[in-house]
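# Remarks on the overall topology
Residue strings, one per chain:
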Amino acid sequence: ANPFKDLRVRRALSKAIHRQAIAERIMEGLALPASVVVSPSVFGHDPAIKPEAYDPEGARKLLAEAGYADGFAITLATPNNRYINDEQVAQAVAQMLTRIGIATRVEALPLSVYFGRARNQEFGVALLGWGSLAADLALRSLAATPDAAKSHGTWNWGRYANPELDRLIEQSLATVDPARREAVARSAAALAARDLAFIPLHYQVVTWAMKKSIDYAARTDEFTFAYRFRPQPAGAR
């Protein structure tokens, strides 16, 4: 039996994770607790949806309701050379899950090995980071029902499927009016958050260091392009 098919189990895992502690301690303040698929300022983010509150007691109750009062064991896979403090984040999450009765060990791998195994569905639980220009674009890759003909669900490692979410994603991507599209994209992101298609951890703050006289337009994909550097206006230095 796959315990993660039960929403109560997925919710228990989410409640067990102390996102603020990860952002402040593991990420040293260079992250924000996550609530939905995209970060603030990205198209489709809804500030009304807040990160899941840390509630280990509530997590244990949900596990008991789902028939896992004695917990179970999992392996959490993670890259160890891709995201900022990726292995440390996974180790912290593993400790938090173990405290609610889910015995968790971490398998850390170099990216060259990790992605291939993840795409082959060799992991039960795995860490993935994602940058996107819009919520509907991210959901199409991460949470849409896998469909090669549509190029949907290409990074949906858990093979999650929800017809209503698929409908909202397609409706949003087919909408021309920006305001209407964002409203539908937010509805899709909210549904994915409620159903925990995946468990958001934190929004990583991408950082550049430069002289005060230089300005750079930050990118969510972490790329650095020379042509995007500009002289900082004198009055802004």
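Residues numbered from 1 in each chain as written. Predicted model: local features only at pLDDT ≥ 70, side-chain atom pairs only at ≥ 80, totals over all residues. Heavy atoms only, no water.

A separate point is the sheet that holds strand β2 (residues 72–79). Sheet architecture is open: three strands sit in the order β3-β2-β4, paired in parallel fashion. In this open sheet, the two edge strands, each paired with only one partner strand, are β3 (102–109) and β4 (125–126). Sheet topology note: the β2/β3 ladder contains eight bridges and is parallel. Across the sheet, residue isoleucine 74 finds its bridge partner in β3, namely threonine 104. (Pairing = 2+ DSSP bridges. Helix = DSSP H or I, 4+ residues; strand = E, 2+ residues; numbered from the N terminus.)

Moving on, we get to helix α4 (residues 86–99). Here α4 contains 14 residues, and its C-alpha end-to-end distance of 20 Å stays within 8% of the 20 Å for a straight helix at 1.5 Å per residue. Every buried residue belonging to α4 is among Asp86, Val89, Ala90, Ala92, Val93, Ala94, Met96 and Leu97, and all of these are buried. Of the surrounding secondary structure, the elements contacted by the buried residues of α4 are α1 (7–16), α2 (19–26), β2, β3 and β5 (202–204). Glycine 101 sits one or two positions beyond α4 and adopts a positive phi of about 105°. (Expected span 1.5 Å × (residues − 1). Buried < 20%, exposed > 50% of the residue type's maximum accessible area, 1.4 Å probe, protein only. Contact = heavy atoms within 4.5 Å.)

As a further point, take the packing of α1 against helix α8 (residues 178–195). Orientation of α1 relative to α8, taken along the N-to-C sense of each, is 95°, at an axis distance of 9 Å. In terms of orientation, α1 lies roughly perpendicular with respect to α8. Packed against α1, whose contacting residues are Leu7, Arg10 and Arg11, the element α8 presents Ala193, Arg194 and Asp195 at the interface. A per-class count over the contact of α1 with α8 returns two nonpolar, no polar and four charged. (Axes fitted to C-alpha atoms, helices over the stretch in contact; angles between N-to-C directions. Parallel < 35°, antiparallel > 145°, perpendicular 65-115°, else oblique. Nonpolar A, V, L, I, M, F, W, Y, C, P; charged D, E, K, R; others polar.)

Most peptide bonds take the trans configuration, and most residues that are not glycine carry a negative phi. Phi is positive for serine 41, which is not a glycine, with a value near 85°. By the secondary structure assignment, serine 41 is in the loop between β1 (31–33) and α3 (56–65). With phi around 60°, glutamine 121 is a residue other than glycine that occupies positive phi space. For glutamine 121, the location among the structural elements is in the loop between α5 (111–119) and β4. Accessibility expressed as a relative area gives 44% for glutamine 121, which makes it partly exposed.

Helical geometry: 3.6 residues make up each α-helical turn, so side chains three or four residues apart lie on a common side. When we look at burial in helix α7 (residues 163–173), the residues that qualify are Leu165, Asp166, Leu168, Ile169 and Ser172. Take α7 and look down its axis: the buried residues cluster within an arc of 165°, on one side only. For α7, the capping residue at the N-terminal end is asparagine 162, with a side-chain oxygen 3.0 Å from the backbone nitrogen of glutamate 164. (Arc of directions from axis to C-beta. Polar contact = N/O pair within 3.5 Å; in protein donor to acceptor, adjacent residues only side chain to side chain.)

Position of tryptophan 157 relative to the elements: it lies in the loop between α6 (135–142) and α7. On the accessibility criterion, tryptophan 157 (14% relative accessible area) is buried. Taking the C-alpha atoms as reference, tryptophan 157 lies 26 Å from arginine 60; in sequence the two are 97 residues apart. Ignoring any residue separated from it by four or fewer positions in sequence, one finds tryptophan 157 in contact with Tyr114, Phe115, Ala118, Arg119, Gln121, Ala126, Leu127 and Leu128.

Turning to the packing of α1 against α3, a few remarks are in order. Each pair of packed helices gets described by two things: the angle between the helix axes and the distance between those axes. Contact geometry of α1 with α3 gives a least axis separation of 8 Å together with a crossing angle of 165°. The pairing of α1 with α3 is recorded here as roughly antiparallel in orientation. When you trace α1 past α3, the crossing you get is left-handed. Here Arg8, Val9, Arg11, Ala12, Lys15 and Ala16 of α1 lie close against α3, whose contacting residues are Pro56, Gly58, Ala59, Leu62, Leu63 and Glu65. (Left-handed = near helix turned anticlockwise from the far one by under 90°.)

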